[in-house]
Structures are given as structure tokens and as C-alpha cells.
Amino acid sequence: MTKTLPPGQMETKKWPILHEGDVYQFNEETWRFKLFGEIREDVILTFKDVMDLPKVITTVDMHCVTTWSKFDTTFEGIPFREFVKLADLKPHVRYVRIYGYLNGDPLGYSANLPLEALQGDDALFVYRWKDAKNDWQDISPKHGYPLRFIPPAQFYLWKGSKWATGIEFMTENKPGYWEIRGYHMNGNPFKEERFADPASLPSGYGGANEWQDQ
Ligand SMILES: Nc1nc2c(c(=O)[nH]1)N[C@H]1C(S)=C(S)[C@@H](COP(=O)(O)O)O[C@H]1N2
Ligand SMILES: [Mo]
């Protein structure tokens, strides 16, 4: 199948690493995944609770706002919708923020997304992937082990929180970590929704303290 690159993107076969702050080191004893916000009662899951949820294998495209795109990476993970089934949502919940570690803070990183776009097999929390040799491998700590979100391809990859720690359900669309700092609230690569105000384009795309190929 021939794929179309979104405007301003270049294809990479490797999988670059980009994030703010430290790489989280997994500790199963203290690791928890929380569902909170506009739901009747918070839900706190252990790693075992999460790994007992239904799983899917999906092949997805990733588009980073720093202009690289990687086609056809196969992941195994838990669909976003399986977590929603565990939460008793209040009326009018339309958005979520998906959280991840930043410098030891489990709520330090977040990204907002519309709930309705996350119902398919292409919105999933992943823990392993198929490498270039087609062998299954755990996601490396730098890519977000033990659990990291991969958004559908109609969102830039900053919406994919690494070291994922929870989902906040919201009635209003509230900005996440990068959206507060000027990134687009929606972030569709095919519409080139990189920044909220294109006139205020920063000199670099910023955001990364690492740029490595793996
Ligand atoms: N917890 C956390 N998740 C994060 C980030 C981050 O700084 N912290 N950076 C985001 C950005 S900007 C990108 S482009 C992708 C990069 O994912 P990768 O390093 O696996 O390619 O992770 C996203 N998820
Ligand atoms: Mo990014």
C-alpha cells in the first residue's frame, strides 16, 4: 500500500527518541494507572490489572511534529476503549488528557484528545512492538516502558504520552503539557496543525532533549 506523507513531513525507517526530562525506571510495586476526572469514582489499577485487560495487535503510522514520520510499526497493546469501560463516566464527557511521567512526577506530562477519536484499534497503550527484524521486543525504557500511548495517525505523536500513568475524563477540552506551550489543541498532521498560532512559530520545534536513532 502506498502511503501519503502529511505536508512538511519526511519518512524515517528508524524510530527516533524524543522527550522532556528523565527516562522513567519501571517499578511494579509503586506503578499505578489512574482513571479520574468527570467519572463517578476514581479507578486505580496495578500493572497486573492493566495486563489482564483485552489486547490487540495493530500496525500504525507515527507522525512527529519535528517532521519525521514512521510508517507501519506493529504494536501489541490495550485499546484505549478498554479503560473507558472501567470508568463510570458523568454526562457530557467529550475529552481526555492522557498523562505520563515527567522527571518523576506521574502527572508531569499530559496531552488532550477528543474521546470519540479514540474508540478504534489504532488508539492503544502499548508495551511491545515488532522491530526491523520482525521480532517482538518490549518497548525500551526510552520509548516509554512499561506502558505508552500511541495515538491514531490523525494526531501528531506528542499526543502519545510515554510512561503512561492515567486518563482524566473531561467535559471541556483542556490543554496538556505542549498545548499549554503553544502546540495545537487538535494536532492533525494532515492539516498541519502544529502550533495554535502559526505566526508565533518558535525557531526550532523544541521539546526534545534527545534526538537519537534506534
Ligand atoms: N511522558 C512523556 N511522553 C511523551 C513526551 C514527553 O516528553 N514525556 N514527548 C512526546 C513527544 S513530543 C513525542 S514526539 C513522542 C516521541 O516518542 P518516541 O520517543 O517514542 O519516538 O513522545 C511523546 N510523549
Ligand atoms: Mo514531539
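What counts as what
Residues numbered from 1 in each chain as written. Chains lettered and ligands numbered in written order. Predicted model: local features only at pLDDT ≥ 70, side-chain atom pairs only at ≥ 80, totals over all residues. Heavy atoms only, no water. Helix = DSSP H or I, 4+ residues; strand = E, 2+ residues; numbered from the N terminus. Rg over C-alpha atoms; globule rule 2.2 N^0.38 Å. Buried < 20%, exposed > 50% of the residue type's maximum accessible area, 1.4 Å probe, protein only. Contact = heavy atoms within 4.5 Å. Areas by Shrake-Rupley, 256 points an atom, 1.4 Å probe, with all protein chains shown as cover. Near = heavy atom within 4 Å. Polar contact = N/O pair within 3.5 Å; in protein donor to acceptor, adjacent residues only side chain to side chain. Nonpolar A, V, L, I, M, F, W, Y, C, P; charged D, E, K, R; others polar. Phe/Tyr/Trp six-rings, centres within 6.5 Å; stacked < 30°, edge-to-face > 60°. pLDDT = per-residue confidence, 0-100. Salt bridge = Lys/Arg side-chain N within 4 Å of Asp/Glu carboxyl O. Pairing = 2+ DSSP bridges. Axes fitted to C-alpha atoms, helices over the stretch in contact; angles between N-to-C directions. UniProt positions renumbered as here; feature names shortened; annotations may be inferred.

**Description of the overall build of the protein chain**
Move 1: What the protein chain contains, in helices and strands, is three helices and 11 strands.
Move 2: Secondary structure elements in the protein chain, listed N-terminal to C-terminal, are β-β-β-α-β-β-α-β-β-β-β-β-β-α.
Move 3: Taken over the C-alpha trace, the protein chain has a radius of gyration of 16 Å; the compact-globule value for 214 residues is 17 Å, and the two agree within 12%.
Move 4: The dimensions of the protein chain, computed from C-alpha atoms along their principal axes, are 45 × 40 × 35 Å.
Move 5: Within the protein chain, the fraction of its 214 residues that count as buried is 52%.
Move 6: When contacts within the protein chain are restricted to residue pairs at least 6 apart in sequence, long-range pairs at least 24 apart make up 69% of them.
Move 7: Surface exposure of the protein chain reaches about 10,300 Å², of which carbon and sulfur atoms provide 49%.

**Things to note about the site of ligand 1**
Move 1: Residues in close proximity to ligand 1 total 20 residues, the closest being Pro16, Glu20, His143, Arg148 and Lys162.
Move 2: In this structure, an oxygen atom belonging to ligand 1 sits 2.7 Å away from a side-chain N or O atom of Arg148.
Move 3: Here an oxygen atom of ligand 1 and a side-chain polar atom of Lys162 are 2.5 Å apart.
Move 4: Here ligand 1 loses 99% of its free accessible area of 540 Å² to cover by the protein chains.
Move 5: Along the lines of polarity and charge, the residues of the shell around ligand 1 split into 12 nonpolar, five polar and three charged.

**Details of the packing of aromatic side chains**
The way to describe two aromatic rings as a pair is by their centre distance and the angle between their planes.
Move 1: Scanning the model with the defined rule gives 21 aromatic pairs in all.
Move 2: Measuring from ring centre to ring centre gives 4.8 Å for Phe33 and Phe83, while their planes differ by 35 degrees; the resulting arrangement is tilted. A residue pair is termed long-range when its members are at least 10 positions apart, and Phe33 in strand 2 (residues 33-37) and Phe83 in helix 2 (residues 80-84) qualify at 50 residues. Each member of the pair, Phe33 together with Phe83, is buried.
Move 3: Summarising the aromatic geometry, the rings of Phe36 and Tyr99 are spaced 5.5 Å apart at their centres and angled 45 degrees between planes, so their arrangement reads as tilted.

**So, the confidence of the model for the protein chain**
Move 1: On average, residues of the protein chain carry a pLDDT of 93, and 92% of them reach 70 or more.
Move 2: Counted against residues more than four places away or in other chains, residues 203-214, with its pLDDT under 50, gives 39 contacts.

**Some points on the pattern of salt bridges**
Move 1: One pass over the full model with this rule turns up 10 salt bridges.
Move 2: Between Asp52 and Lys48 there is a salt bridge whose closest N-O contact spans 2.8 Å.
Move 3: Of the residues examined, Lys48 reaches a relative accessible area of 54% and is grouped as exposed.
Move 4: Between Arg128 and Glu76 there is a salt bridge, and its shortest N-O distance comes to 2.9 Å. Here the residue Arg128 occupies a position in strand 8 (residues 124-130), and Glu76 occupies one in strand 5 (residues 68-79), the gap between them amounting to 52 residues.

**Regarding the sheet that holds strand 7 (residues 105-114)**
Backbone-to-backbone hydrogen bonds join strands into a sheet, with any given pair of strands oriented parallel or antiparallel.
Move 1: Spatial ordering of the open sheet is given by 3-2-11-6-7, a layout of five strands whose pairing is mixed. With one partner strand each, in any of the chains shown, strand 3 (43-45) and strand 7 form the two edges of the open sheet. Taken over all neighbouring pairs, the strand axes of this sheet differ in orientation by 20 degrees on average, direction set aside.
Move 2: Strand direction decides the pairing type here: strand 6 (residues 95-102) and strand 11 (residues 164-170), joined by six bridges, are antiparallel. Along strand 11, the bridge assignment pairs Tyr99 with Gly166.

**Thoughts on the UniProt feature "domain: Oxidoreductase molybdopterin-binding" (unreviewed entry) in the protein chain**
Move 1: Summarizing the sequence annotation, UniProt attributes the feature "domain: Oxidoreductase molybdopterin-binding" (unreviewed entry) to residues 21-178 in the numbering used throughout.
Move 2: As annotated, residues 21-178 has a helix share of 8% and a strand share of 42%, and its two end C-alpha atoms lie 14 Å apart.

**A word on the environment of Tyr24**
Move 1: Mapped onto the elements, Tyr24 comes out in the loop between strand 1 (10-11) and strand 2.
Move 2: On the basis of relative accessibility, which here comes to 11%, the residue Tyr24 falls in the buried class.
Move 3: With residues up to four places along the chain from it excluded, the contact list for Tyr24 reads Trp31, Tyr101, Pro141, Tyr145, Pro146 and Trp163.
Move 4: Polar contacts involving the side chain of Tyr24 include one to the main-chain amide nitrogen of Asn27, which spans 3.4 Å.

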